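If you want the building blocks of each chain, they are given just below.
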Amino acid sequence: MWRVVLARMRQGHRTSDFPDAAPVMPDRFRGLPVLDPARCAEGCRACVEACPTGAISEPLALDLGKCLFCSDCTDACPTGAVAFTTEHRLSARHRDDLIVRGEVATRVRTLEATTRRLFQRSLKLRQVSAGGCNGCESDLNVLGTVVFDLGRFGIQFVASPRHADGLVITGPVTENMKLALEKTYAAVPPPKIVIAVGACAISGGPYIGHQPEAHDGANSVVPVDLYIPGCPPHPVTILDGLLTMLGRLGPDRLGTKSP
């Protein structure tokens with residue numbers, strides 16, 4: 001007994017200070033990309049051709065929903081027109097808001113007032129792996145550990161869709177999981193929300209266009225209320241998207257409530 005108490009005292013406080021303090025992301029973390037079209041050489045398509053998922057288009061724009069954050073574009077670009085920052089805030093409520101042009105940062109919007117009042121303090125989610133590789137699933141699982149402690153915000157994962165307020169979907173929605181996803185969505189009582197986590201769930205990721213084996217993401221089957229990009233997204237990115245959607249974070253994203 002005393003050994004356990006002493007070990008706990010030596011370990012100290014393990015839970016992250018986020019959202020009361022800004023997270024410290026590792027230098028090698030690839031977050032929100034910054035584009036500088038002025039640096040593009042005339043006729044250069046190096047980054048467009050290097051992207052494995054077609055996330056980069058002309059004139060210079062980058063679709064976070066397709067991006068694997070693999071750095072192939074930055075390696076190929078001879079002028080540094082594309083660069084990744086350590087900015088963890090990537091989520092968006094609408095698919096079009098994931099398109100990055102110039103230096104415009106993506107900002108997630110909160111739920112409508114009526115829905116937010118229902119879910120702001122208590123949100124139960126059923127996770128559906130619709131053909132995922134376990135990358136996004138692993139980072140969702142990490143949110144339940146002592147470091148992130150998702151439960152302190154009133155957000156929990158539940159076993160049954162009938163006990164859930166919404167779905168968290170990972171994976172490109174394979175043909176074998178399409179019907180299962182439709183049935184799970186139907187089993188969640190309204191009003192309900194749907195969250196797509198990771199490039200596969202948003203656009204199909206590396207499986208884009210592989211019909212009928214994959215269906216290019218969740219919104220091809222069910223309506224999506226929140227998109228959280230990444231391959232996989234960092235747990236802080238997921239947590240930031242959830243809390244901002246619920247109005248738990250203000251414009252500065254550090255714990256103040258949105259108006």
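If you're wondering where the values come from, they're calculated on a predicted model, not measured in any experiment. (Residues numbered from 1 in each chain as written. Predicted model: local features only at pLDDT ≥ 70, side-chain atom pairs only at ≥ 80, totals over all residues. Heavy atoms only, no water.)

Teacher, can you tell me more about the sheet that holds strand β8 (residues 166-170) here?
Sheet strands pair by backbone hydrogen bonding; their relative direction is either parallel or antiparallel. Strand order across the open sheet formed by 5 strands is β7-β6-β8-β9-β10, with parallel pairing between neighbours. The outermost strands of the open sheet, each flanked by one partner alone, are β7 (155-157) and β10 (226-228). Between one strand axis and the next, the sheet turns through 25° on average, direction left out of account. Bridge count between strand β6 (residues 123-129) and β7: 3 bridges; the pairing is parallel. In the sheet register, Leu 123 faces β7, and the bridge partner there is Ile 155. In this fold helix α5 (residues 135-142) packs onto β6, β7, β8 and β9 (193-197), with an angle of close to 135° to the strand it touches most, β8. (Pairing = 2+ DSSP bridges. Helix = DSSP H or I, 4+ residues; strand = E, 2+ residues; numbered from the N terminus. Axes fitted to C-alpha atoms, helices over the stretch in contact; angles between N-to-C directions. Contact = heavy atoms within 4.5 Å.)

What is the right way to look at the layout of surface pockets in this model?
Empty pockets left among the atoms are what a rolling probe the size of a water molecule brings to light. Of the voids in this model, the largest pocket is the one considered here, and its volume is about 240 Å³. Partitioned by chemical class, the residues of the lining of the largest pocket number 10 nonpolar, 3 polar and 3 charged. (1 Å grid on protein atoms, 1.4 Å probe; cavity = no way out; pocket = protein on both sides within 12 Å on 5 of 7 lines; lining within 4 Å. Points joined across faces, edges and corners; volume = space filled by probe spheres on them. Nonpolar A, V, L, I, M, F, W, Y, C, P; charged D, E, K, R; others polar.)

Explanation requested: the sheet that holds strand β3 (residues 61-63) in the structure shown.
Spatially, β2-β3-β5 is the arrangement adopted by the 3 strands of the open sheet, whose pairing is antiparallel. At either end of the open sheet lies a strand with only one pairing partner, and these are β2 (56-57) and β5 (99-100). Bridge count between β2 and β3: 2 bridges; the pairing is antiparallel. Looking at the pairing, Ile 56 lines up with Leu 62 of β3.

Where do I start with the state of the cysteines in this structure?
The bond known as a disulfide is covalent and runs between the sulfur atoms of two cysteines. A complete count under the given rule lists 0 disulfides for this structure. Just so you know, Cys 40 is unpaired, no disulfide at all, and the nearest cysteine sulfur is the one on Cys 47, 6.1 Å from it. Overall, Cys 40 belongs to the partly exposed group, its relative accessible area being 37%. Of the cysteine sulfurs around Cys 47, a residue in no disulfide, the closest is that of Cys 77, at 5.8 Å. (Disulfide = S-S within 2.5 Å. Buried < 20%, exposed > 50% of the residue type's maximum accessible area, 1.4 Å probe, protein only.)

Before we go on, may I ask you to explain the pairing of β8 in this structure?
Note on strand geometry: in a regular strand, side chains alternate between the two faces of the sheet. The element β8 is extensively covered by neighbouring structure, given that 5 of its 5 residues are classed as buried. Of the two faces of β8, the one holding Gly 166, Val 168 and Thr 170 and the one holding Leu 167 and Ile 169 are both buried throughout. Direction of pairing for β6 relative to β8: parallel, over a ladder of 5 bridges. Following the sheet pairing, Leu 125 is matched in β8 by Gly 166. Sheet analysis places β8 next to β9, joined by 4 bridges and oriented parallel. The partner of Ile 169 across the bridge, within β9, is Ala 196. With helix α6 (residues 175-187) bridging β8 and its parallel neighbour β9, the resulting β-α-β unit is right-handed. (Right-handed = clockwise from strand over helix to strand, strands pointing away.)

Looking at this structure, how should I read empty space enclosed by the protein?
For the structure on display, the rule yields 1 cavity of 30 Å³ or more. Around the largest cavity, the lining is made up of 14 residues, and of these Cys 51, Cys 67, Leu 68, Cys 70 and Cys 73 lie nearest the centre. When grouped by side-chain class, the residues that make up the lining of the largest cavity number 11 nonpolar, 2 polar and 1 charged.

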